[in-house]
Amino acid sequence: MSLDDLYQEIILDHYRSPRNRSGDLDPHDVHVHHSNPLCGDELDLRLRVQDGTVGAVAYDGDGCSISMASASAMTEAVAGRKLSDADDLAEAFRLMMHGEGVKREDDLLDGVAFQGVAKFPVRVKCALLGWMALKDALQTYSEGEAEHRVTYD
Ligand code: ZN
């Protein structure tokens, strides 16, 4: 099996068997909604902060397989991490999707499977959706807010 095939399998697995997918997380500290009209992807992300770490994270949404699978992979990669570390990991994913190399490969877990998507510019926003929502949730939380909605250009 080629690496591309393996990555395809991982993405399909997250799409078919989503991790941490739930329409609610009770209690949660911050909730963001991100919308990518280009593809029609909608994502809700909820985060519970515990001792400065991502205590729990859940996503829900309606979107293409890439966006939903990537959000699923993101939740596994960031759960339990310090908030600053989770943000750093999301930044590593962002750079990877912009073809700027793969940093923190081991920490990204199944997130590495999305690097092939970088070859398809129109799908990059789909793969980034969950991770950018996470960065936004951390930022929103740090500002003392509990809700934020973003619609991409
Ligand atoms: Zn999409």
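Structure's up top.
Please read these numbers as outputs of a predicted model, since none were measured by experiment.

Colleague: What is the right way to read the nonpolar core from this model?
Modeller: Across soluble globular proteins, you tend to see nonpolar side chains buried next to one another. Ranked by internal contacts, the top residues of the largest apolar core, which has 45 residues, are Leu45, Val78, Phe93, Met97, Phe114, Trp131 and Leu134. Residue assignment for this core shows that the elements contributing at least two residues are helix H1 (3-16), strand S1 (30-36), strand S2 (41-50), strand S3 (53-62), helix H2 (65-78), helix H3 (83-97) and helix H4 (121-142). At 11 residues, the largest contribution of residues to this core is made by H4. Leaving out residues up to four positions away in the same chain, Trp131 has contacts with Ser70, Ala73, Met74, Ala77, Val78, Leu89, Ala90, Phe93, Leu108 and Gly111.

Colleague: Would you mind going over the coordination of the zinc ion with me for this structure?
Modeller: Tetrahedral coordination by four donors puts the ideal angle at the metal at 109.5 degrees, and octahedral coordination by six puts it at 90 or 180 degrees. Around the zinc ion, the donor atoms from the protein are Cys39 (SG), Asp41 (OD), Asp41 (OD), Cys64 (SG) and Cys126 (SG), and they sit 2.1 to 2.8 Å away. According to the relative accessible area criterion, Asp41 is buried, its value standing at 0%.

Colleague: Looking at this model, I keep getting lost on the sheet that holds S1. Mind explaining?
Modeller: Either a parallel or an antiparallel arrangement is found when strands of a sheet pair, and the pairing is made through backbone hydrogen bonds. Judged by pairing direction, the sheet is mixed, and its four strands sit side by side in the order S3-S2-S1-S4 without closing on themselves. One side of each edge strand has no neighbouring strand; the edge strands of this open sheet are S3 and strand S4 (147-151). In this sheet, adjacent strand axes meet at a mean angle of 15 degrees when their direction is disregarded. Taken together, the nine bridges between S2 and S3 define a ladder with antiparallel strand orientation. Paired with Gln50 across the bridge in S3 is Thr53.

Colleague: Help me understand the pattern of salt bridges in this model?
Modeller: Proximity of charged atoms lets side chains of opposite charge pair with each other. With the rule as written, the count across this model stands at 13 salt bridges. Close ionic contact of Arg104 with Asp88 constitutes a salt bridge, the shortest N to O distance being 2.7 Å. Here Arg104 is found in the loop between H3 and H4, whereas its partner Asp88 is found in helix H3, with 16 residues between them in sequence. Exposure remark for Arg104: the relative accessible area of 23% places this residue in the partly exposed category. For Asp88, a relative accessible area of 40% gives the class partly exposed. Between Glu91 and Lys135 there is a salt bridge whose closest N-O contact spans 3.3 Å. A residue pair is termed long-range when its members are at least 10 positions apart, and Glu91 in helix H3 and Lys135 in helix H4 qualify at 44 residues. With a relative accessible area of 24%, Glu91 lands in the partly exposed category.

Cut-offs applied
Residues numbered from 1 in each chain as written. Predicted model: local features only at pLDDT ≥ 70, side-chain atom pairs only at ≥ 80, totals over all residues. Heavy atoms only, no water. Core = buried A, V, L, I, M, F, W, Y, C linked by side-chain atoms within 4.5 Å. Buried < 20%, exposed > 50% of the residue type's maximum accessible area, 1.4 Å probe, protein only. Helix = DSSP H or I, 4+ residues; strand = E, 2+ residues; numbered from the N terminus. Contact = heavy atoms within 4.5 Å. Donors = N, O, S within 2.8 Å, 3.2 Å for Na, K, Ca; no water. Pairing = 2+ DSSP bridges. Axes fitted to C-alpha atoms, helices over the stretch in contact; angles between N-to-C directions. Salt bridge = Lys/Arg side-chain N within 4 Å of Asp/Glu carboxyl O.

Take it as geometry only, folks, not as evidence of what the structure does.
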